[in-house]
Amino acid sequence: MADRDVEITPGMQRYIDRNDEYLARRAGYIRDVVKKWRFDTIAVHGLYSVQDAIEDYQGSIIEPIFMSTSQAFRDSDEMAAALAYLIPSWTYSRIANPSTYYYEWALALLEGYGFDGETSCCSTSSGMAAIMTAVQPFLLHTRHDVHEPRNFLATAQCYGGTFQQFSVRLQQERDIECRWIQDPTDLDEWARKIDRHTRFLYGELPSNPQQGFFDVQAVADLAHTHGLPLIVDSTIATPALLRPIRHGADIVVQSASKTLSSSGFGICGAVIARKGLVTNVPIDALREDFALYIKYLPNRDYGPNLHPLQAIMTLNDMRTLRSKMDLMSRSTMKVSEWLERHPMVERVEYLGLPDHPLHGLASRYLWLVDAEHDDLYGKPVNRYGHLMSFCVKGGAGTTRKVFDGLERIWRATDLGRIKSVATIPAISTHQQQGEAGRKLAGIPPNLIRLCVGAEHPDDIIADLDRALLGAQKK
Ligand SMILES: *Cc1c(COP(=O)(O)O)cnc(C)c1O
């Protein structure tokens, strides 16, 4: 991953040889041991082994939290080799760190679960930083001159922050055109909007909050026939329900602040990519190992790095991801079915409901990982996550009354929590983009977004019932 030529001294070569042995051992461990585990085992252990613990971390059974800015070296040869990226090292915590290393490996392995090729991961300080660092290398590279037109395609139904980043920061400020896809299930719309200046295709699925969805494999195939990568934000699904890289996507961005760290201790993100991705940007290192490329070069220079403490807190939450997603998805299904029957509810949007227009398509992709190996199920089962939304009859005023009447469910612009959380997107997450932007993204003012946590679903239903009836009486 070196970005310049360096002269290698004999002393440096000794370090390189020693580290090559280490890398070969690690590759063998991944191939022969870790890749053979089921999802839960990978989530619990990742790449942190008993051997690592005993040899390097005094036997600590939990991954180390290295709250240190930098690493000391034995001598100048080791330092020179490390700084030229010739040996695995961590050097300085803006670039790498042992705690973020284990977090990155866990996510690379979980997103790569069931995928034949190799994946790698770059941790970031937030989901927005993940999106920024995933898209910029494709956009900022100029083949001819800086005034060359550049565009990309993105699903209009997306997270409010993503909408701002693409429409204001990229389009308005840098004149890089974002071509919004109104109906991502319409392959012709994607195809029509690609031209020779297109750099990548981007899609969020399921989308937050509208439950948009598209055929990942078909869009990835389309992207690849044009030599372009497909980038997917799969924050809402998490790798417990969907692993887009297996279905052809090149890069996945995660806001790990959400369901991945359901306890809600802080903000963090990740970019996970297949090795050998498709792109028309002629940078070999980028194509060969995108996540390590951004980690060691652009992100070294921009600095959107993750704090080691946050990395381990998120890693700790991720260990139980599969069972939590199963429980919270089942509860969300129950709450959705109940809301659908409620006289004060205009409509419910949840991909798990059979009458949702995208239910069939989503059911092809959203499966609880390893359900077929689970004693409880013994066969594949669909799960649709814990984000849903519903529209209240009676307009924006009544909607706010219902929202204000919630007692158990927290009012916050948050989701993915172990605690149930609700928001009104039109006055919160999607407030900045204005009326026209909300229309484009399909956000009516009477929409309440609800993310069902791990409480007993009957208590959540009781809270909703009280709030809905209370709003009617007022
Ligand atoms: C929250 C969210 C983001 C942004 O992530 P942060 O960690 O808050 O920066 C991006 N995409 C989706 C789908 C989200 O829900």
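Everything numeric here is computed off the predicted structure, so don't read it as measured data.

About the thresholds
- Counting from 1, residues in each chain are numbered in the order their sequence is written.
- In view of the model being predicted, local features appear only for residues whose pLDDT reaches at least 70, and side-chain atom pairs are presented and counted only at 80 or more, with totals across whole chains, interfaces and linings using the full set of residues.
- To obtain the side-chain values, all non-hydrogen atoms of the structure were used and water was disregarded.
- For each residue, the test is whether any non-hydrogen atom lies within 4 Å of the molecule or strand; if one does, the residue is near.
- Counted as a polar contact is a pair of N or O atoms within 3.5 Å, where, for protein atoms, one must be capable of donating a hydrogen and the other of accepting one, and residues adjacent in sequence contribute only when both atoms are in side chains.
- Per-residue and other accessible areas were derived by the Shrake-Rupley procedure at a 1.4 Å probe size, with only the shown protein chains allowed to occlude residues.
- The helix count covers DSSP runs of H or I at least four residues long, the strand count covers runs of E at least two residues long, and both are numbered beginning at the N terminus.
- Under this grouping Gly is polar, as are all residues other than the nonpolar Ala, Val, Leu, Ile, Met, Phe, Trp, Tyr, Cys and Pro and the charged Asp, Glu, Lys and Arg.
- Buried, partly exposed and exposed residues are distinguished by accessible area as a fraction of the type maximum, computed with a 1.4 Å probe on protein chains only: under 20%, between the cut-offs, and over 50%, respectively.
- Between any two strands, pairing holds if DSSP finds at least two bridges.
- Here the limits of each domain have been adopted from an automatic or database domain assignment.
- Whether two residues touch is decided by their heavy atoms; if any such pair falls within 4.5 Å, the residues are in contact.
- By convention, the term buried area covers the 1.4 Å-probe accessible surface removed from two parts as they join, with the contributions of both added.
- Salt bridges are identified by distance alone: a Lys or Arg side-chain nitrogen within 4 Å of an Asp or Glu carboxyl oxygen.

## Looking at the site of the ligand
1) Next: Around the ligand, the structure places 14 residues, and the nearest of them are G127, D233, S255, S257 and K258.
2) Next: At 2.8 Å, a side-chain N or O of S255 approaches an oxygen atom of the ligand.
3) Next: The side chain of K258 places a nitrogen or oxygen atom 2.7 Å from an oxygen atom of the ligand.
4) Next: Calculation on the ligand without its partners gives an accessible area of 380 Å², and the protein chains cover 94% of this total.
5) Next: Among the elements that line the shell around the ligand, the one with the most residues is helix α6 (residues 127-140), at three residues.
6) Next: Taken together, the residues of the shell around the ligand sort by class into five nonpolar, six polar and three charged.

## Here's the deal with the pairing of strand β7 (residues 269-274)
1) Next: With six of six residues buried, β7 is to be regarded as a mostly interior element.
2) Next: Neither face of β7 is open: one carries G269, V271 and A273, the other A270, I272 and R274, and all of them are buried.
3) Next: With six bridges connecting them, strand β1 (residues 119-124) and β7 associate as antiparallel partners. The residue of β7 that forms the bridge with S123 is A270.
4) Next: The sheet contact formed by strand β6 (residues 251-255) and β7 spans five bridges and is antiparallel. Across the sheet, I251 pairs through a bridge with A273, a residue of β7.

## Overview of the domain arrangement of the protein chain
1) Next: Once the domains are mapped, the protein chain shows domain 1 (92-318) and domain 2 (321-473).
2) Next: Inter-centroid distance (C-alpha atoms) of domain 1 to domain 2 is 25 Å.
3) Next: Contacts between domain 1 and domain 2 engage 42 residues on the former and 44 residues on the latter.
4) Next: Interface area for domain 1 against domain 2, summed over the two sides, is near 3,300 Å², with a carbon-plus-sulfur share of 62%.
5) Next: Summed over the three residues of domain 1 that lose the most area to domain 2, namely Q211, F213 and L241, the buried surface amounts to 22% of that side.
6) Next: The tally of links from domain 1 across to domain 2 stands at one salt bridge.
7) Next: Here R364 ties to D215 by a salt bridge, and the two come within 3.2 Å at their closest N and O atoms.
8) Next: Our count for the domain 1 to domain 2 interface comes out at 19 residue pairs in polar contact (both at pLDDT 80 or more).
9) Next: Elements that contribute at least two residues to the side of domain 1 that touches domain 2 include exactly α7 (160-174), α9 (216-225), α10 (238-241) and α14 (308-318).
10) Next: The biggest single contributor to the side of domain 1 that touches domain 2 is α10, with four residues.
11) Next: In terms of residue class, the side of domain 1 that touches domain 2 is built from 20 nonpolar, 18 polar and four charged.

## Comments concerning α9
1) Next: V216, A218, V219, A220, L222 and A223 are the residues of α9 that are buried.
2) Next: Looking one or two places after α9, you find G227, whose phi comes out positive at around 70 degrees.

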